[in-house]
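Listed below are the residues making up each chain.
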Protein chains: 2
Amino acid sequence: MSGNFARFAEVGRKIVAVGRNYRDHAAELGNAVPETPLLFLKPASSYITEGTPIKIPKGCSSLHHEIELGVVIGQKGTDISEGSAMNHVAGYVLALDMTARDFQSIAKKKGTPWDMAKGFDTSCPVGKFIPKDAVADPHNLELWCKVNGALKQNGNTKDMIFSIPYLISYISQYFTLEPNDIILTGTPAGVSGVKAGDVIQGGLAKLAEIEFKVVDRSGGS
Amino acid sequence: MSGNFARFAEVGRKIVAVGRNYRDHAAELGNAVPETPLLFLKPASSYITEGTPIKIPKGCSSLHHEIELGVVIGQKGTDISEGSAMNHVAGYVLALDMTARDFQSIAKKKGTPWDMAKGFDTSCPVGKFIPKDAVADPHNLELWCKVNGALKQNGNTKDMIFSIPYLISYISQYFTLEPNDIILTGTPAGVSGVKAGDVIQGGLAKLAEIEFKVVDRSGGS
Ligand SMILES: [Mg+2]
Ligand SMILES: [Mg+2]
Ligand SMILES: [Mg+2]
């Protein structure tokens, strides 16, 4: 694998996210644990990096943080085997899967798409690219999220239901994975609402910390 | 607006699709006409161009054609007004919004995302870029689709519920539109199932024709 993946958010084309991949989070929203990975997309236009605020989308009155481990793809693949999946990983990123929970609740009830609830501008705040070599075991990383200094989420990637190789293999049966794509691997329990003025901080073991401010969409950047 | 949009499918990052934008198609699937545009995403990895077959995704037993007018974005914009929306259009494309109807039916029933039903590899076959200047009125174009020579869909873009400027304005309130993004504007009535070996042809007035063969996913390309 070659290339510089630091600019994945600028050049990447696909964000595949996994829902309900931690048992405690599935339970807190009253959802069953899925038998196969629950996949959805976020568009590349939803990326922001530190220094740019998270904007509450128009009409949303329940914006939730979901702290997640992102996997950055380094090598193109379709029908990737679990055994070779890690060869397709360039590295990792600490990310937020910001979610308009009220939009999502309506979509779930009406059977309509989740994309406006999950893909609005600024819905994918990300930290810096973490090279694969810096991570001894991606399935044993503490993952936390604070709002205004108060701890809200405090999980560990060892509690993921579907492992990273399993996700890569499963996803690539439907969606060809390309360099600079990312996979958001799901969030542990503790998601909660944020409002304008709040500050969200997240951490991934000793590998990464991120901080994003929340503003009203009309509040500009 | 500058640039060459012929390569939109190679370099574009976002496909925003509109569901139920023709009254007769909403009715044929038993859906109400929406009050606001029903939006979903397809990933850039779903694009194919002529010469590459449509592959039936793994586990799908009801793959449907939906012939659609695509709008190719030429200029970046957020909160675009209806009045200035057409300034953001570079041109058009004739496209198929291939849909795993069985996956979608389950998603609608369970309230889960549509993305696997709509975004699998080869789910966005497209024709050649049509420059804006070549189209006198995008809201009066015949749009047809044949399977193995039999006419299945025969609509006109004048029957769209939400117009192109309205869609651009609405979408850009949630998803920043970027050059080479496309908007799929919905399909008229007549969607139907296709199977391996079938040939799908589509036409857009005198502007474009496309032809794609359907194969089993395991059948290779
Ligand atoms: Mg999530
Ligand atoms: Mg969706
Ligand atoms: Mg469609």
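For every chain, the first residue of its written sequence is number 1, and the numbers climb from 1 along that sequence. Chain labels run from A onward and ligand labels from 1 onward, assigned in the order the entries are written. At least 70 in pLDDT is required for a residue's local features to be given in this predicted model, at least 80 for side-chain atom pairs to be given and counted, and no such filter applies to totals for whole chains, interfaces and linings, which use all residues. Where side-chain values are given, they derive from all heavy atoms of the structure, hydrogens and water being excluded.

Quick look at the sheet that holds strand 14 (residues 193-194) of chain A now. Pairing within the open sheet is antiparallel, and its three strands lie in the order 8-5-14 (chain A). Two strands close off the open sheet at either side, each with one partner strand: strand 8 (99-100) and strand 14 of chain A. One requirement defines pairing of two strands: DSSP has to find at least two bridges between them. Counting from the N terminus, the helices are the DSSP runs of H or I reaching at least four residues and the strands are the DSSP runs of E reaching at least two.

With that out of the way, let us pick up the coordination of the magnesium ion (ligand 2). Donor criterion used throughout: N, O or S atom within 2.8 Å of the metal, extended to 3.2 Å for Na, K and Ca. Water excluded; incomplete-looking sites may result. Around the magnesium ion (ligand 2), the protein contributes the donor atoms Asp115(A) (OD) and Asp115(B) (OD), at 2.3 Å from the metal centre. Here Asp115(A) is found in helix 4 (residues 115-119), whereas its partner Asp115(B) is found in helix 4 (residues 115-119) on a different chain. For the pair formed by Asp115(A) and Asp115(B), the shared burial category is buried. Buried, partly exposed and exposed residues are distinguished by accessible area as a fraction of the type maximum, computed with a 1.4 Å probe on protein chains only: under 20%, between the cut-offs, and over 50%, respectively.

This part is about the pairing of strand 12 (residues 150-156) of chain B. Residues and elements named next belong to chain B. Sheet topology places strand 11 (residues 142-147) next to strand 12; six bridges connect them, and they run antiparallel. Looking across to strand 12, one finds that Cys-145 is bridged to Gln-153. Hairpin connection of strand 11 to strand 12: two residues between the antiparallel strands, including Asn-148 at a positive phi of 50°.

Right, let's get into the relation of the copies chain B and chain A. A least-squares superposition brings the copies together, and it is based on the C-alpha atoms of residues with pLDDT no lower than 70 in both. Note on the copies: chain B fits chain A at an RMSD of 0.0 Å, the axial shift is 0.0 Å, and the rotation between them is 180°. Such a combination of turn and shift is consistent with a two-fold rotation axis. In terms of proximity to the rotation axis, the leading residue of chain B is Gly111(B), whose C-alpha is 2.2 Å off the axis. Only heavy atoms matter for contacts: two residues are in contact if any of them lie within 4.5 Å across the pair. The share of interface residues of chain B whose copies in chain A are also at the interface is 100%, consistent with both copies meeting through the same surface.

Another point: the pairing of strand 2 (residues 38-42) of chain B. As a general feature of sheets, a regular strand has side chains that alternate between the two faces. Residue and element names in this part refer to chain B. Of all the five residues making up strand 2, five are buried; the element is thus mostly covered by neighbouring parts of the structure. Of the two faces of strand 2, the one lined by Leu-38, Phe-40 and Lys-42 and the one lined by Leu-39 and Leu-41 are each fully buried. Here strand 1 (residues 15-19) runs beside strand 2; their pairing, made up of five bridges, is antiparallel. Within strand 2, the residue paired with Ile-15 across the bridge is Lys-42.

What follows is about the pattern of salt bridges. Any Lys or Arg side-chain nitrogen located within 4 Å of an Asp or Glu carboxyl oxygen qualifies as a salt bridge. Counted according to the given criterion, the structure contains 17 salt bridges over all chains. Arg217(B) serves as the salt-bridge partner of Asp79(A), at 2.8 Å between the closest nitrogen and oxygen. Of this pair, Asp79(A) sits in the loop between strand 6 (67-73) and strand 7 (89-96) while Arg217(B) sits in the segment after strand 16 (208-216), placing the two residues on different chains. Overall, the relative accessible area of 45% leaves Asp79(A) in the partly exposed class. Note that Asp97(B) is salt-bridged to Lys118(B), the shortest N-O span being 2.9 Å. In this pair, Asp97(B) sits in the loop between strand 7 (89-96) and strand 8 (99-100) while Lys118(B) sits in helix 4, placing the two residues 21 residues apart along the sequence. When salt bridges with common partners are traced through the structure, they connect Lys42(A), Glu66(A), Asp97(A), Arg101(A) and Lys118(A) into a single cluster.

To continue, consider the interface of chain B and chain A. Contacts between the two partners involve 37 residues from chain B and, on the opposite side, 37 residues from chain A. Two parts placed together each lose some accessible area under a 1.4 Å probe, and the buried area is that loss summed for both. Regarding the contact of chain B and chain A, the summed buried area is about 3,200 Å², with carbon and sulfur atoms giving 55% of it. Broken down residue by residue, the surface that chain B buries against chain A is led by Arg13(B), Met116(B) and Tyr174(B), which jointly contribute 24%. Joining chain B to chain A, the criterion identifies two salt bridges. Nitrogen and oxygen atoms within 3.5 Å of one another constitute a polar contact, given that in protein one can donate a hydrogen and the other can accept it, and given that sequence-neighbouring residues count only through two side-chain atoms. Viewed at the interface, chain A and chain B are joined by 22 residue pairs in polar contact (both at pLDDT 80 or more). Counting residues per element, the ones that place at least two in the side of chain B that touches chain A are helix 1 (8-11), strand 2, helix 3 (101-110) and helix 4 of chain B.

Before going further, it helps to spend a moment on the sheet that holds strand 12 of chain B. Residues and elements named next belong to chain B. Taken together, the five strands give an open sheet; going across it, the order is 4-16-15-11-12, and neighbouring strands pair in mixed fashion. In the strand order of this sheet, the two ends are held by strand 4 (54-56) and strand 12, each with one partner. Each neighbouring strand pair of the sheet contributes to a mean axis angle of 20°, computed without reference to strand direction. Across five bridges, the pairing between strand 11 and strand 15 (residues 199-204) is antiparallel. Counterpart to Cys-145 in the pairing with strand 15 is Gly-202. Only the contacting stretch of a helix is used when fitting its axis, a line to C-alpha atoms as for every element, and angles between N-to-C directions run 0 to 180 degrees.

Our focus in this paragraph is the side chain of His25(B). Residue and element names in this part refer to chain B. Along the chain, His-25 falls in helix 2 (residues 23-28). On the basis of relative accessibility, which here comes to 5%, the residue His-25 falls in the buried class. Every residue in contact with His-25, bar those within four places of it in the chain, is listed here: Glu-66, Arg-101, Thr-187, Pro-188, Ala-189 and Val-191.

Pairing of aromatic side chains requires ring centres within 6.5 Å, counting the rings of Phe and Tyr and the six-membered ring of Trp. Pairs whose planes differ by under 30 degrees are stacked, by over 60 edge-to-face, and all others tilted. Using the criterion set out here, one finds 14 aromatic pairs over all chains in the structure. Centroid distance Phe5(B) to Phe129(B): 6.0 Å. Interplanar angle 40°. Geometry classified as tilted. You can see Phe5(B) sitting in the segment before helix 1 and its partner Phe129(B) sitting in the loop between strand 9 (124-126) and strand 10 (130-131), a full 124 residues away along the chain. Ring geometry for Phe8(B) against Tyr47(B): centres 5.7 Å apart, planes inclined by 80°, an arrangement best described as edge-to-face. Residue Phe8(B) is located in helix 1, and its partner Tyr47(B) is located in strand 3 (residues 47-49); the two are separated by 39 residues in the primary sequence. Comparing Phe8(B) with Tyr47(B), the two get one shared label, buried. One aromatic cluster is present, formed by Phe103(A), Phe162(B), Tyr166(B), Tyr170(B) and Tyr174(B) through successive ring pairs. Between the NZ or CZ atom of Lys146(A) and the centre of the ring of Trp144(A), over which it lies, the distance is 5.0 Å. The rule is short: NZ of Lys or CZ of Arg within 6 Å of the ring centre and within 35 degrees of the ring normal puts a charge over the ring.

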